[in-house]
Amino acid sequence: MPEIGTPALVYMVAALIVPFVRPATLRQILLLAVPVLGLLTFWQLPYGTYGTFNLMNMHVGLMRLDALSYVFGLIFSLAAFLALLYAWHVRDTVQQVATLLYAGAGLGAVFAADLVTLFVFWEGTAIASVFLIWARRTEGAYATGMRYLIMQVGSGVILLAGIVLFYRETGSIAFSRMDLESPATWAIFLAFGIKCAFPLLHNWLQDAYPAATITGTVTLSAFTTKLAVYALARGFPGTELLIYIGATMTLFPVFFAAVENNLRRVLAYSLNNQLGFMVVGVGIGTPLALNGTVAHAFCHILYKALLFMSVGAVMYRTGTSKASELGGLYKSMPLTMIFCVVGAMSISAFPLFSGFISKSLILSASADTGHFFVWLALVVASVGVLEHSGIKIPYFTFFAHDAGHRVKEAPFHMLLAMGITAALCIGLGVFPSLLYGILPYAVDYTPYTVTHVVTQLQLLLFAGLAFAVLIRTGLYPAEIRSVNLDFDWTYRRLLPAALSGVAYLVQGTWRFASRIVMGRVDSLIAGVYRAHGPQGPLARTWPTGSMVLWIAVLLGMTLVLAYI
Amino acid sequence: MLDIIVTNLPALQVVVPLVAAPVCAMLGRGDRSWAFATLVSFLTFAISVSLFVAAYGGEPISYEMGGWAPPIGIEYRIDVLNAFVLMIVSGIAALVMPYARRSVASEIPAERQAFFYTAFLLCLTGLLGVTITGDAFNVFVFLEISSLSTYALVASGAWRNKRALTAAYNYLIMGTVGATFFVIGIGMLYMITGTLNMADLAVRIAEHGDSRTLRMGFVFIFIGIGLKLAMFPLHLWLPNAYSFAPSAVTSFIAATATKVAVYVLLRFMFTVFGFDYAFQASTLENVLLPVAIVAMFAASLVAIFQDDLKRMLAYSSIAQIGYMLLGLAFLTHTGLVATIVHLFNHAVTKGALFMVAGCFVLSAGTSSISSLRGVGRDMPWTTAAFVAGGLSLIGLPLTVGFISKWYLVQASLELGWWPVALLIMGSSLLAVIYVWRVVEAAYLQPAPEGVIRREAPLSMLVPAWILVGLSIWFGIDASLTTTAASRAADTLIGSSQILWQE
């Protein structure tokens, strides 16, 4: 493949061509070819920075290929391919183009060697991805999309502010390790944090992902947050604050996930919880921990996509993703059920599944560096993961009480996409060296020791036992329709109410002040118009004589000045 | 044979269009004269590109006309600065000529077109001559050649609007006053030094030292050129001349004539009077600086209230000239770079915008903004070119306008002149308003019923889009223009003994 700077270009060009390609099958094949082509552009390249040029004395590098960006580039390409395969049945041009642009922007951002390029693609992911939500074309989806867009673009704006400050401070826009010591780096950190769904900044995720189209959610789950994890791993490894942020992130979504009825929202909470593990890894910052973060991001993209795919397939057939309306589907959709269970076992980190080999790295790293309470939080969170994602999702969807749906198995392309993903989940779990070989740091780690396996199995079995007991005794929060209040209530309900009171006061003052100011402004504009308007002295056509007069004035003035 | 051509390139730069002009007049009506003039404009562009390449390295090229050694003979002297300006002038001419065919055909009767192109070539000759020569009196001669032909070109707009005649007449009177002042100034210099060669003048002025005659000479040249470059209160000839001239002429002279005048001012100020007499610096600070700032605001405000697109752009030009003079008034290296880079950037931007205005005149029959309602749907490419050019005029990043403003703001910050930096940005906001008015009319207002406006022909669109493309290209990668401007500023500073502000 010729060097073209950034693989994002392949996606952008394809996004331009796709709308004009007919028939539909040809277009789908073209879509599937895009991630493959994109991958080929950097697959065999030696590490280094490509596509460099000078933009107003700033060094721009479109593609920095090193061990870290390579892994993310690989998994993003893979995720794009799987998402597009899963979406084979979609005939909506908007979604197809948005998926391409979104994945392309995600890749572009991962490979960005400088902050300006990062910013451009950062905003690109925001703008492209919102169309995956709007593509549902309902009023609710529109409002959700708007909220999502405000958060995402807000993140971009804060990032830009940080970049500008950073450039003023250091005179460089290189994207490398930063320290949290100035407003510039804090702003950049905050921008990353919004995209990474830090606690209290997380609501856009649970709000938006369940609102997207079936295929859109699969795509969304892969890129945005993992891009933020990558950015944190690149910019802020070893920042201690991140350990505590991450530990909080692993814990609190567990409870929301347990009571939530919409299974896609359960998965969104679980996604947030998984991000917490990665953020902890970045915060610890040792080679082992960073390896853990990267490996976990890699595995996570796969099994989370698999879970979203299986729930999506169910939704595609039954039209709902609410736990209260589902159940007993194992008879109608046995293959989907198997794939869902594979995903569930991966996310719960059963030995021989992908989650096990990646999460162990982070747990070991936190234990090795003496963060006992963090380690404990992660273990507790792991139990929560098993409970809400590992058991709740398959149990309420495919087992529990029979909701009476008699539907067909998922379409072939969905099964194929899920099958590949499931195979990857198991494959990575059985042969961890495949993944360990491409991690940024050299790995000397064996996940399958007796202690690890036994500890993990005990943990899982007892958690499973607890679930069984709770269900039997009826203590488990039943799958009921409900609206669960999360932090977003404060800014979607409380804040507006408080604001309207303030607004009333401000309005009164404003009207009074504006009446005075407007009067002044009006007379100012009238004055400007009198002088500069078409008939004003400055715009009129003057006779030559007046011009000569001006010459005389200017000449006189300059001469006087010259003689003083 | 090739050798002779290469060694005589500086002479050919002027001689080719000069000789071509009468030939063009004899070619008679129709496309023949146009094709010939176009060919000549391409040829002169090729020559100036090769001169630029030769001068870019740093060593100035000196060419003695007719083998007469200076200071008695006429010397052509080409350094980076005037090679850069030569390239702008001939490049714009080479783009305007293909554009002119359809535009001129609709505005000027066929039997007069040969004379039109003759005048055009003469104007080109004059502008190139002013730029290339190293002889002060020669500057005056070429200035008159270009001015006289410009008066004729402006007057040829009379077939579209009779007011072009009065505009041309006013321009003639005012331009002549300016030229007279200029020649009076040169006469005074000659009184002191007895020479007309610029390099020689510089040496002898230095030997001679300060005197009243010298000061008089400086002031007269300053005012004379100030009129030619439409320095603010002396701009009164410009709006009418630009709005009533044929479209092709407007795009050519708006992009080149004032730029050449700015070049002459730079040349005289630094190369000829290049010694540190306090009155020069005080003229810059007390006359040029306020005048430039007033121009930036007053002319932009007038532009906001104009209804005619060409007239609006003309006032915008006056404001843009304010920016160039401002860069000069800083008297720093960065300021000079800003001025020189803006010469190019404004030529490209304004050339494109006046071409667009010409497209509107061709299709809609008028350039009144109120009659351009809804034109964005009928003429999408033309309107899009206007938007792109307008963005550059505002100074949005990734356009050349931004590069100029960037250097200007940087220059003012280097000196710690914060208020000036704020004024520069404030006046850019005014540009947003007048550009937006056109965009609003073109895209957001419904088209009037029953009006048919066809998209402009390719021969007009392509040159306009080339200029738009250049304004974006050099906005993204400004290394060529800024390096050239920086070297030109270095030669100006190197040739002068003025105390530059740090």
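For clarity, every value in this text was computed on a predicted model and none was experimentally measured. (Residues numbered from 1 in each chain as written. Chains lettered and ligands numbered in written order. Predicted model: local features only at pLDDT ≥ 70, side-chain atom pairs only at ≥ 80, totals over all residues.)

J.: Quick question: what am I supposed to make of the overall build of chain A here?
T.: Helices and strands together make up the secondary structure of chain A, namely 20 helices and two strands. Within chain A, buried positions represent 50% of all 564 residues. Here the analysis covers contacts within chain A between residues at least 6 apart in sequence; of these, 80% occur between residues at least 24 apart. (Helix = DSSP H or I, 4+ residues; strand = E, 2+ residues; numbered from the N terminus. Buried ≥ 20, exposed ≤ 12 C-beta atoms within 10 Å, placed from the backbone. Contact = placed C-beta atoms within 7 Å.)

J.: Got a minute to help me understand the interface of chain A and chain B in this structure?
T.: With 25 residues of chain A at the contact, the number on the chain B side is 29 residues. Of all the elements in the fold, those that place two or more residues in the side of chain A that touches chain B are β1 (48–55), α19 (488–532) and α20 (544–563) of chain A. Per-element tally for the side of chain A that touches chain B: the top contributor is α20(A), with 13 residues. When its residues are assigned to classes, the side of chain A that touches chain B shows 19 nonpolar, six polar and no charged. (Nonpolar A, V, L, I, M, F, W, Y, C, P; charged D, E, K, R; others polar.)

J.: Would you take a moment to explain the pairing of strand β2 (residues 75–78) of chain B for this structure?
T.: A regular strand carries its side chains on alternate faces of the sheet. Residues and elements named next belong to chain B. Residues E75 and R77 line one face of β2 and the alternating positions Y76 and I78 line the opposite face, and both faces are buried. Note that strand β1 (residues 61–64) and β2 share four bridges and pair antiparallel. Looking at β2, one finds that S62 is bridged to R77. (Pairing = 2+ DSSP bridges.)

J.: Whenever I open this one, the packing of helix α14 (residues 354–368) of chain A against helix α16 (residues 412–430) of chain A confuses me. Can you help?
T.: All names here are of chain A. Contact geometry of α14 with α16 gives a least axis separation of 6 Å together with a crossing angle of 50°. On the basis of their axis angle, the class for α14 and α16 is oblique. Contacts from S354, F356 and I357 in α14 reach C425, L428 and G429 in α16. In terms of residue class, the contact of α14 with α16 is built from four nonpolar, two polar and no charged. (Axes fitted to C-alpha atoms, helices over the stretch in contact; angles between N-to-C directions. Parallel < 35°, antiparallel > 145°, perpendicular 65-115°, else oblique.)

J.: Can you walk me through helix α6 (residues 139–170) of chain A in this structure?
T.: Given 3.6 residues per turn, any residue in an α-helix points the same way as the ones three and four places further on. Residue and element names in this part refer to chain A. The terminal C-alpha atoms of α6, which comprises 32 residues, lie 46 Å apart, in line with the 46 Å expected from a rise of 1.5 Å per residue. Among all positions in α6, only A141, T144, G145, Y148, M151, Q152, S155, G156, L159, G162, I163 and F166 are buried. Tucked inside the fold, the buried residues of α6 contact α5 (115–134), α7 (183–195) and α8 (203–208). One or two steps after α6, the chain reaches G171, where phi turns positive at roughly 75°. (Expected span 1.5 Å × (residues − 1).)

J.: Explanation requested: the confidence of the model for chain B in the structure shown.
T.: Residue and element names in this part refer to chain B. Per-residue confidence for chain B averages 90 on the pLDDT scale, and 100% of its residues sit at or above 70. No element of chain B has a lower mean pLDDT than helix α1 (residues 2–7), which averages 82, and none a higher one than helix α6 (residues 136–155), which averages 95. Overall fold confidence for the complex sits at a pTM of 0.65, while the interface term, ipTM, reaches 0.83. (pLDDT = per-residue confidence, 0-100.)

J.: Please clarify how the nonpolar core should be interpreted in this entry.
T.: Soluble, globular proteins show a tendency: their nonpolar side chains are buried together. If you look at the biggest cluster of nonpolar residues, it comprises 207 residues, and the most contacted ones within it are F84(B), L121(B), V154(B), A295(B), L325(B), I340(B) and V356(B). Element by element, the count of residues in this core is highest for helix α14 (residues 333–364) of chain B, at 19 residues. Excluding anything up to four places from it in sequence, L325(B) contacts M231(B), L288(B), V291(B) and A292(B). I214(A), F223(A), L271(A) and A344(A) belong to the second largest nonpolar core, which has 175 residues in total. (Core = buried A, V, L, I, M, F, W, Y, C linked by C-beta atoms within 7 Å.)

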